[in-house]
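So the chains spell out like this:
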Amino acid sequence: AYPGVTLLILPLMIGEEMGLFKDEGLDVTAVQMRTSIEMQALTSGYVDYAMAAGTGIVAAAKGLEVAVIAVNVNRPPHVLISLSRFNDVRGLKGQVIGSGTFGSTYYVTREVLRTSGLDPDKDIKWLPVGQTPERLQLLSKGLIAATPLSPPDSILAKKMGFKELVRSSPLVEFPFNGYVTTAKKLRQNP
């Protein structure tokens with residue numbers, strides 16, 4: 001499972017295109033699904049692996065029997081994008097930030113805010129609104145002040161007139177993208 005078409009799935013796409021999985025005796029079918037259901041699909045056996053290392057870490061911390069088996073991005077590529085009237089992150093104090101579900105992107109955004117001088121628990125109002133299209137729509141209507149996006153969506157948002165406030169990659173080190181499977185699968189087929 002992979003969460004969406006971003007640069008983060010490039011290794012998966014290259015592996016499929018070049019036949020690298022077949023060379024290793026693997027029959028891979030890539031399925032796109034929302035990050036919010038990837039761990040459910042994984043633990044129910046619908047998928048064997050999920051490209052969601054950050055979400056996997058959050059899920060494991062909450063007691064889910066999953067394990068990160070590989071990390072290919074350890075600096076999240078998110079960009080905090082805001083309405084054009086905001087000049088810096090501190091200007092978001094008291095504003096609503098649209099996040100995905102309370103998974104890894106949410107935690108990365110909280111750390112970006114903290115390192116930028118805001119208290120994410122007191123200074124920000126959070127609205128968990130889902131995937132990028134929904135967040136961009138709310139931003140376009142002015143219903144949220146900012147949202148974290150990753151390329152290519154962050155580039156598109158800037159072309160739409162929104163402002164890039166801060167990139168997470170210099171501020172946050174977190175095993176964001178990689179492969180997750182169940183602890184059971186690791187025991188049965190290491």
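Just so it is clear, the model here is predicted, and its values are computed rather than measured.

A.B. asks: Talk me through the confidence of the model for the protein; I want residue IDs and the actual numbers.
C.D. replies: Reading fine detail from the predicted coordinates is not recommended where pLDDT is low. Across the protein, pLDDT averages 90, with 99% of residues at or above 70. No element of the protein has a lower mean pLDDT than helix α4 (residues 53–61), at 86, and none a higher one than strand β6 (residues 163–167), at 96.

A.B. asks: Describe helix α3 (residues 35–43), with residues and values.
C.D. replies: All of the buried residues in α3 are E38, M39, A41 and L42. The buried residues of α3 occupy an angular sector of 160 degrees when projected down its axis, which confines them to one face. Residues of α3 that are buried in the fold lie against α4, β1 (66–73) and β7 (177–182).

A.B. asks: Can you explain the packing of aromatic side chains? Please cite residues and give values.
C.D. replies: Following the criterion strictly, the structure yields two aromatic pairs and no others. Ring centres of Y106 and Y107 lie 5.2 Å apart, and the angle between their planes is 70 degrees; this geometry places the pair in the edge-to-face category. Since its relative accessible area comes to 36%, Y107 is described here as partly exposed. Look at Y106 and W126: their rings are 4.8 Å apart centre to centre, the planes differ by 75 degrees, and that puts the pair in the edge-to-face class. Of this pair, Y106 sits in helix α5 (residues 104–115) while W126 sits in strand β4 (residues 125–128); the two residues are 20 residues apart in sequence, bridging distant segments of the chain.

Rules of the game
- Residues numbered from 1 in each chain as written.
- Predicted model: local features only at pLDDT ≥ 70, side-chain atom pairs only at ≥ 80, totals over all residues.
- Heavy atoms only, no water.
- pLDDT = per-residue confidence, 0-100.
- Helix = DSSP H or I, 4+ residues; strand = E, 2+ residues; numbered from the N terminus.
- Buried < 20%, exposed > 50% of the residue type's maximum accessible area, 1.4 Å probe, protein only.
- Arc of directions from axis to C-beta.
- Contact = heavy atoms within 4.5 Å.
- Phe/Tyr/Trp six-rings, centres within 6.5 Å; stacked < 30°, edge-to-face > 60°.

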